[in-house]
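Coordinate analysis (summary)
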Amino acid sequence: MPALPLDEAGKYVAGAYVVFLTLILIYVAIIGAKVARIEREVSELLDMTEGDPLQREPEEVGQSPTVQESRDGEQSTQRAGLEAPPR
Amino acid sequence: MYSKGFRPLALLTVVAVLAAFALVFFYAPNEADQGFIQKIFYVHVPMAIVALGGFVVGGLMAVKHLRSDDPSWDMRSYVAIHLSIILGVGVLVTGAIWAKASWGHWWVWDEPVLVSFLVVFLLYCVYYPLRFSIEDPERQARYSSVFAIAAGAFVPINFVAVRMAQSFTHPRVLSQTGGNLPGDMRLTFLVCIVAMTLLFVTLFKLELTAKHASMQLKRLRTRLEATA
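**Re the overall build of chain A**
Within chain A, the secondary structure is distributed over one helix and two strands. When the helices and strands of chain A are listed from N to C terminus, the series reads α-β-β. Residues classed as buried in chain A amount to 10% of the 87 residues present.

Here's what the structure looks like:
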């Protein structure tokens, strides 16, 4: 088994491998942050579309937060249902 | 969010990279001429091979995009080229470190292999401004594909041209005689190439998944705003 020399040559070799690992780690960190942001935005959208029954008025509970029957029987989407509920 | 095979692939990649590092530092002997410095070879050369291969694969995916008009192939081509450019940065930096350690200079301008790789790298650096200067998504994809094909065709031509040139300092690795590598060095080198290829495929899938999810999210937002 060859020894691992930490002389002049060892510094250059370590430098090259550190460059490689740093590049990969930075890349993975950037993509990981992007994926985390997407997941957060998806959950925000889910919150907007589904709503939180505990945050609504008692008489609204039981109704769909986004879709409400209009008087003539047609369904209309409410803009309020697409906005983020207060936390 | 990730596909079913992503986790095993990522795990396999980690194992392969660790195995490659173990072989490099604890199995492969020191080279007689350069000694311990030659260990840079096991990260520098596989990275260069995979980067150049990635450029060619990006070109082939661009061909697929132009033939099928499917935007997902353009996205694959973009991700392959993007990853290859990142590996290209690694190749240039590790190459400069190796050159300094071995030749005493960070860069040698009269060495065809180095300069040709720099030319390929700079050529692909043009890809970003070209792609992102076009706002219309269809035109952007089409023009980027044409560039990826032309540049992808240039890579093997460049490789052959450099091999035909007379070199004084840079060693030949891939030759008909097996690059004159002894058995244990060759095994280590092959494991390093496999590990680097697996790393490329894993990162490719990772970025593609992120891009796909981002596009789906944008579509969902647009749809929700339209219904609001």
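**Thoughts on the overall build of chain B**
Regarding its fold elements, chain B presents seven helices and zero strands. Ordered by position from N to C terminus, the α and β elements of chain B give α-α-α-α-α-α-α. For chain B, the spread of C-alpha atoms along the principal axes amounts to about 70 × 40 × 30 Å. Counting across all 228 residues of chain B, residues that qualify as buried make up 36%. A separation threshold of at least 6 residues defines the contact pool for chain B, and within that pool the share at least 24 residues apart is 78%.

**Notes on helix α1 (residues 6–26) of chain B**
Residues and elements named next belong to chain B. Across its 21 residues, α1 extends 30 Å between first and last C-alpha, which sits within 8% of the 30 Å expected from 1.5 Å per residue. Looking only at α1, the buried set comprises T13, V17, A20, L23 and V24. Projected down its long axis, α1 carries its buried residues within an arc of 130°, all on one side. Set apart from the buried face of α1 by more than 90 degrees, the exposed residues are R7, P8, L11, V15, L18 and F26.

**Overview of the interface of chain A and chain B**
Between chain A and chain B, the contact holds 26 residues from the first and 33 residues from the second. The element that contributes the greatest number of residues to the side of chain A that touches chain B is helix α1 (residues 8–50) of chain A, accounting for 19 residues. Counted by class, the side of chain A that touches chain B contains 19 nonpolar, four polar and three charged residues.

**Here's the deal with the environment of B:F36**
Secondary-structure assignment places B:F36 in the loop between α1 and α2 (41–68). For the pair formed by B:F36 and B:P156, sequence separation is 120 residues and the distance between their alpha carbons is 31 Å.

**Overview of the nonpolar core**
With 63 residues, the main nonpolar core has A:A16, B:I40, B:M47, B:A51, B:C192 and B:A195 as its most contacted residues. With 14 residues, helix α3 (residues 71–103) of chain B is the single largest residue contributor to this core.

**Re unusual backbone geometry**
In this structure, B:D69 is a non-glycine residue whose phi angle is positive, near 60°. Along the polypeptide, B:D69 turns up in the loop between α2 and α3.

**Side note on the packing of α1(B) against helix α7 (residues 183–227) of chain B**
Residues and elements named next belong to chain B. It is the contact of α1 with α7, at a shortest axis distance of 8 Å, that shows an interaxial angle of 150°. Relative to α7, the element α1 lies roughly antiparallel. Of the two possible hands of crossing, α1 and α7 adopt the one that is left-handed. From α1, F6, L9, A10, L12, T13, A16, V17, A19, A20, L23 and V24 reach across to α7, where they touch T188, V191, C192, V194, A195, L198, L199, V201, T202 and K205.

**Some words on the environment of A:L21**
Topologically, A:L21 is positioned in helix α1. Given 14 C-beta atoms within a 10 Å radius, A:L21 is considered partly exposed.

**Let's talk about the environment of A:A33**
Tracing the backbone through its elements, the reader meets A:A33 in helix α1. Each C-alpha atom of the pair A:A33 and A:E8 lies 37 Å from the other, and the pair is 25 residues apart in sequence.

Reading the values: rules and limits
- Residues numbered from 1 in each chain as written.
- Chains lettered and ligands numbered in written order.
- Predicted model: local features only at pLDDT ≥ 70, side-chain atom pairs only at ≥ 80, totals over all residues.
- Helix = DSSP H or I, 4+ residues; strand = E, 2+ residues; numbered from the N terminus.
- Buried ≥ 20, exposed ≤ 12 C-beta atoms within 10 Å, placed from the backbone.
- Contact = placed C-beta atoms within 7 Å.
- Expected span 1.5 Å × (residues − 1).
- Arc of directions from axis to C-beta.
- Nonpolar A, V, L, I, M, F, W, Y, C, P; charged D, E, K, R; others polar.
- Core = buried A, V, L, I, M, F, W, Y, C linked by C-beta atoms within 7 Å.
- Axes fitted to C-alpha atoms, helices over the stretch in contact; angles between N-to-C directions.
- Parallel < 35°, antiparallel > 145°, perpendicular 65-115°, else oblique.
- Left-handed = near helix turned anticlockwise from the far one by under 90°.

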